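Secondary and tertiary structure notes
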Amino acid sequence: MWKSKVPSLTVFLIHWVLGFQSVVWKETSASCRLQGTFNPHVLYMEGDFVIGGVFSLHPTVQTQHLISFISFARAMEFAIKEINSKQDLLPNITLGYQMHDSCTAIPMAVNAAFQLANGQDAEIVTDASCPKVASVAAVVGDSTSASSIGMSRILGLFGIPQVSHFATCSCLSNKQQYPTFFRTVPSDNFQAAALAQVVKYFGWKWIGAVRSNTDYGNSGMASFLRVAEKEGICIEYSVAFVKTDPLRKVKQIADIIRHSTARVIVAFVQGSDLRVLLSELIKEPQPRLQWIGSEGWMIEPDLLNFGLFSGAIGFSFEAFAMPGFRQFLLDLSAIEASQTSLLKEFWEDTFGCKLQGEITQMGLEQGVRVCTGSENLNNVNSFFTDTSQMRVVNMVYKATYAIAHALHGVVCNSRQQGLPNCNKSMILEPHQVLQQLKKVNFTVNGYSVMFNSNGDPANGAIYELINWQVSKEGKTHNVPASVCNENCPPGTRKAAQKGKPICCYDCVACGEGEISYYTDSPDCVSCPDEFWPNSQRDKCLPKPIEFLAWDEVLGIILTVCSITGTCMVVAVTGIFYRHRTSPIVRANNSELSFLLLFSLTLCFLCSLTFIGRPTESSCMLRHTAFGITFVLCISCILVKTIVVLMAFRATLPGSNVMKLFGPPQQRMTVVGFSSVQVLVCILWLVLSPPFPIKNMSHYKERIILECNLGSAGAFWAVLGYIGLLAVLCFVLAFLARKLPDNFNEAKFITFSMLIFCAVWITFIPAYVSSPGKFTVALEIFAILASSFGLMTCIYFPKCYIILLKPEQNTKKHLMGKVPSKSLSIWIGDMV
């Protein structure tokens, strides 16, 4: 038998709440008698030890929900039947049960807790002899968190264990407030985190939130919102209600949903509450929404019948097999059903008939169909008979077995051989069952059952993802978009909108040189120095390297010009060598002429060192070769100019100038002028030579591969020295231009120096302002232009006479004894 010793003051309080009235007061005792009546249980069976059960069997008046939730009570009945048949768990002991319907109402659940915690004696005396008889050893239930909390506050006063199969509120893990509470379902903290991950996975950043205004809904939604905030998910609205709220409040919530821009709703609600809201929403058609659901309503797929879902995704508990349970359900007969009001109601609702004994004459006259008794549940296709989806039913089964194992630990002694020895007449203390319940660790149908220190399943949370589809063919629907605004594509960044949630933002293109790799990037990042964004600004590409290449059009043109000039110099050299004994060649210092032709050849060829990818050797060669060859060239011209002046001074009586400036002195002058430039170039190469660099400052989007001068002073010294010699040569040639002779070379030197100086004076500002490879091209152009100018002005007139006017290539003509106008005409054409 089951007797419980509990504090007398507490018993008195409970009895007073239940309807007992104190009639006799003494100093040490009180006499109480029962004033009211107990609410009848829905299922009951006598036993040596009785387990209580509280289930929400009538959450609404709709029949199908009775059909759903009656399976909870039947699962407990099935488990106890199995336990009673086992010889290794509680041998020789018969477990009984006493089940109540809380109707998803907290007052009803608390009332049931009072009845299960107390006896049913008509009168008691609260003195030392008071038996303080309670009804049950432990309680399974309830089906909701709110009602389970109310029950636990009552049962906890007595230390009576309570094991819930469906109360998931994380608040129930608090052992200070709920010391005797256990559950076979995981806390909502796990589910809330899982729901947030689902929302994040589908990219839903802008959602609505609906919850039951109960401990279950408020606690579960609070956990979800905490995780959602960390994941960057924004909530457009968050509303709470319960089914008993005024219709006006439910309508306000429905209007909020209708006018919102969020296409996804996370609903932490009980199924009975959601039905009230859906009934209001269906009154005005609206686009279907994607719902994300908690286990409180995801186990009720008939909610799809409202037609308001584009789909629903959520979690429920893991299903596991209960061998024999389906047959147990189907074996229910009409006679057995007629024994209890609950099964009778279920039978009549399922088959649409009335069991005999309940039909009045009026009912017969109204055509009420009488159950024949031959009805068979095997022929019924309903949620009650489909055990494949009974996930919560499994939790009832586990809870019942957990209590049975706890009772085993209290009343049974294990033996090395044979069955355990169990004392069915033992008087149990509630704390004994409670302590054993904390220690249970067993496996049923392959699934482990044990509790942690908070009374939660010790093996954590195992969920199954449930995906409701509207399509009858079972095809998956397209994933809807639910964002405050369109996602920012790669190449842009998010910019928060003032006064709006972080999920509402504008998309701003990344700045110059910046990219963003992924969608909804909060910031843009700069590309590395040698990289630049593509046109979409979502990828860094290597910057194109720019230099004057051999194979590009500009490089080819300059190369052809350089080779052409070189060939022309070679041709002129050939002409001069063939006519080296002619008066015009000999009269113009043939040795200096050939040296000048050699230097011009080098001038044309040195331009080629500026083409191609700059290297350390090419950078040092190009500027020094240019400087030395041009100084050699200008030195030869300068000496020739001096020779012209000296030659005419030598015609004066008594002059011996030519003896002082003969060929040896001319050679030494050329060497002397050139040596200065050679010395400057050597110092340049030794102290601070040119070297190749990647210029990334002039253009941000490309790299200019160029030669750094190393020492800008050395470069301008080389160029300045060339300019100094050219100016000196120009001045001397200009002074000698009007000296008498039919072929005064000073005139042509004047023209050549004029061209040379004009080219290089123009080159300086253009060189400074020209970007990239065009700087190199401009330098090559200056080299080629000045080289062509020197060759054209100095050698073409001589070649003209040698090839086309041989009659003028005589000593007499050159001495001015034969007048000729042809040369003057040619010179006039050149000018």
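Throughout, a residue's number is its position along its own chain's written sequence, starting from 1. Per-residue local features are limited, in this predicted model, to residues with pLDDT of at least 70; the limit for side-chain atom pairs, both in listing and counting, is 80 or more; totals at the level of whole chains, interfaces and linings are taken over all residues. Side-chain measures were taken over the full set of non-hydrogen atoms in the model, leaving aside hydrogen atoms and water.

The next subject is the overall build of the chain. To qualify as a helix, a DSSP run of H or I must reach at least 4 residues; to qualify as a strand, a run of E must reach at least 2; elements of each kind are numbered from the N terminus. Within the chain one finds 26 helices and 28 strands. Note on classification: 1.4 Å probe, protein chains only; a residue is buried when its accessible area is under 20% of the maximum for its type, exposed when over 50%, partly exposed between these limits. Across the 831 residues that make up the chain, the buried fraction comes to 51%. Throughout, a residue-residue contact means that at least one pair of heavy atoms, one from each residue, lies within 4.5 Å. Of the contacts formed within the chain by residues at least 6 apart in sequence, a portion of 69% connects residues at least 24 apart.

One requirement defines pairing of two strands: DSSP has to find at least two bridges between them. With respect to topology, 3 strands assemble into an open sheet ordered 26-28-27, the strand pairing being mixed. At either margin of the open sheet sits one strand with a lone partner, and together these are strand 26 (545–546) and strand 27 (691–695). Judged from the 2 bridges that link them, strand 26 and strand 28 (residues 703–708) form a sheet pairing that is parallel. Among the inter-strand pairings, Ile 545 is bridged to a residue of strand 28, identified as Ile 703.

We now examine the environment of Gln 666. With respect to the helices, strands and loops of the structure, Gln 666 is situated in helix 21 (residues 663–687). When the C-alpha positions of Gln 666 and Lys 640 are compared, they lie 8.5 Å apart, and in sequence the two are 26 residues distant.

Any two side chains of opposite charge can pair if their charged atoms end up close together. Definition used for salt bridges: Asp or Glu carboxyl oxygen within 4 Å of a side-chain nitrogen of Lys or Arg. Counted by the stated rule, this structure contains 15 salt bridges. A salt bridge links Asp 255 to Lys 251; its shortest N-O distance comes to 3.5 Å. Placement of both Asp 255 and Lys 251 in helix 7 (residues 247–258) is noted, with a separation of 4 residues, approximately one turn of the helix. Between Glu 512 and Lys 700 there is a salt bridge, with its nearest N and O atoms 3.2 Å apart. Taken together, the residues span a long stretch of sequence, with Glu 512 in the loop between strand 21 (505–509) and strand 22 (514–515) and Lys 700 in the loop between strand 27 and strand 28 at a distance of 188 residues.

Aromatic contacts are taken between Phe, Tyr and Trp rings whose centres are within 6.5 Å, Trp giving its six-membered ring; a plane angle under 30 degrees counts as stacked, one over 60 as edge-to-face, and the others as tilted. Enumeration over the complete set of coordinates arrives at 25 aromatic pairs. Seen from their ring centres, Phe 78 and Phe 328 are 5.3 Å apart, and the 50 degrees between their planes marks the pair as tilted. With Phe 78 in helix 2 (residues 63–85) and Phe 328 in helix 10 (residues 325–330), the pair connects residues that are 250 residues apart, well separated along the chain. Across this residue pair, the class does not change: Phe 78 and Phe 328 are buried. Taken together, the ring pairs in this structure connect Phe 55, Phe 72, Phe 166, Phe 315, Phe 317 and Tyr 463 into an aromatic cluster.

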